[in-house]
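What the coordinates show
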Amino acid sequence: MSLFDKISDDIKAAMLARDAVRRDTLRGIKKEFLEAKTAKDNVSGELSDADALKIISKMAKKGKDAAQIFKEQNREDLMNEELAQVAVMEEYLPKQMSDEELTASIKEIVAQVGAQGPKDMGKVMGVASKKLAGLAEGRAISDKVKSVLAQMA
């Protein structure tokens, strides 16, 4: 079953359970999926699970950013709403790497690429961002690569 079909089925389940937050969040995800399916650059009219995961990941990141802004503005009600939606989105994303796992993966990539220090950041990031896509946030990857390369200098 594709992720698109799973989301559709879960919308029905959320409606039956009268879970408004889950229902509305999943409807938002499905809307983004449908827009991606019908986009001009999507010739096939299909949406792969990899593309679907990218969409959900992007939506979750936007939700976290919005929650942070609401927190800074002392709007706990809106912050909690955003975080509840992000929690639903994260159920569909692969488990994020722990800090230790991320460090180990970055060190492995550094050795594989043969990076000598901070000047090789671009080389390492090119490989790391592809290999770790969906397993860690881009900012976390970037920060970890910087710290690992800085230790080498």
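Below you will find a few notes about this structure. Note that the structure is a prediction, hence the values are computed from the model and not measured. (Residues numbered from 1 in each chain as written. Predicted model: local features only at pLDDT ≥ 70, side-chain atom pairs only at ≥ 80, totals over all residues. Heavy atoms only, no water.)

Within the chain, the regular secondary structure consists of 7 helices and 0 strands. In terms of its C-alpha atoms, the chain occupies a principal-axis envelope of roughly 55 × 45 × 25 Å. The buried share among the 153 residues of the chain stands at 32%. Nonlocal contacts in the chain, meaning residues at least 24 apart in sequence, comprise 58% of its contacts between residues at least 6 apart. When the accessible area of the chain is evaluated, it comes to approximately 9600 Å², of which 54% is carbon and sulfur surface. Here the chain carries 26 positive and 26 negative side-chain charges, and the mean point of each set is 3 Å from the other. (Helix = DSSP H or I, 4+ residues; strand = E, 2+ residues; numbered from the N terminus. Buried < 20%, exposed > 50% of the residue type's maximum accessible area, 1.4 Å probe, protein only. Contact = heavy atoms within 4.5 Å. Areas by Shrake-Rupley, 256 points an atom, 1.4 Å probe, with all protein chains shown as cover. Lys, Arg positive; Asp, Glu negative; His and termini not counted. Charge placed at Lys NZ, Arg CZ, Asp CG, Glu CD.)

What follows deals with the nonpolar core. Ranked by internal contacts, the top residues of the largest apolar core, which has 18 residues, are I7, L26, I29, F33, I56, M89 and Y92. In this structure Y92 touches L3, K6, I7, D10, R22, L26, L53 and I56, once residues within four positions along its chain are discounted. Among the nonpolar cores identified, the runner-up in size contains 14 residues, and I106, M121, I141 and V145 belong to it. (Core = buried A, V, L, I, M, F, W, Y, C linked by side-chain atoms within 4.5 Å.)

In this section: the side chain of S105. Structurally, S105 can be placed in helix α5 (residues 99–113). Not counting the four nearest positions on each side in its chain, S105 is found in contact with M97 and L132.

Taking 1.5 Å as the rise per residue, helix α2 (residues 20–37) with 18 residues should run 26 Å; its terminal C-alpha atoms sit 25 Å apart, in good agreement. Within α2, the full set of buried residues consists of R22, T25, L26, I29 and F33. One side of α2 holds all its buried residues, which, seen down the axis, span an arc of 95°. (Expected span 1.5 Å × (residues − 1). Arc of directions from axis to C-beta.)

Moving on: the packing of α2 against helix α4 (residues 76–90). Two elements in contact, α2 and α4, have axes separated by 9 Å at closest approach and are oriented at 65°. In terms of crossing hand, the pair formed by α2 and α4 is right-handed. Every residue of α4 that contacts α2 at V21, R22, T25, L26 and I29 is listed here: A84, Q85, V88 and M89. Classifying every residue of the contact of α2 with α4 by side-chain character gives 6 nonpolar, 2 polar and 1 charged. (Axes fitted to C-alpha atoms, helices over the stretch in contact; angles between N-to-C directions. Left-handed = near helix turned anticlockwise from the far one by under 90°. Nonpolar A, V, L, I, M, F, W, Y, C, P; charged D, E, K, R; others polar.)

For the structure shown, the criterion picks out 1 aromatic pair. Arranged with centres 6.2 Å apart and planes meeting at 35°, the rings of F4 and F33 form a pair that is tilted. Here F33 lies in helix α2 and F4 lies in helix α1 (residues 3–17), a separation of 29 residues in the sequence. Comparing F4 with F33 shows no difference in burial state: the two are buried. (Phe/Tyr/Trp six-rings, centres within 6.5 Å; stacked < 30°, edge-to-face > 60°.)

A few words on the environment of L149. Along the chain, the position of L149 falls in helix α7 (residues 138–152). Taking the relative accessible area as the measure of exposure, L149 reaches 0% and is therefore buried. The sequence separation of L149 and S105 amounts to 44 residues, and the corresponding C-alpha distance is 13 Å. Every residue in contact with L149, bar those within four places of it in the chain, is listed here: V110, A115, G117, P118, D120, M121 and V124.

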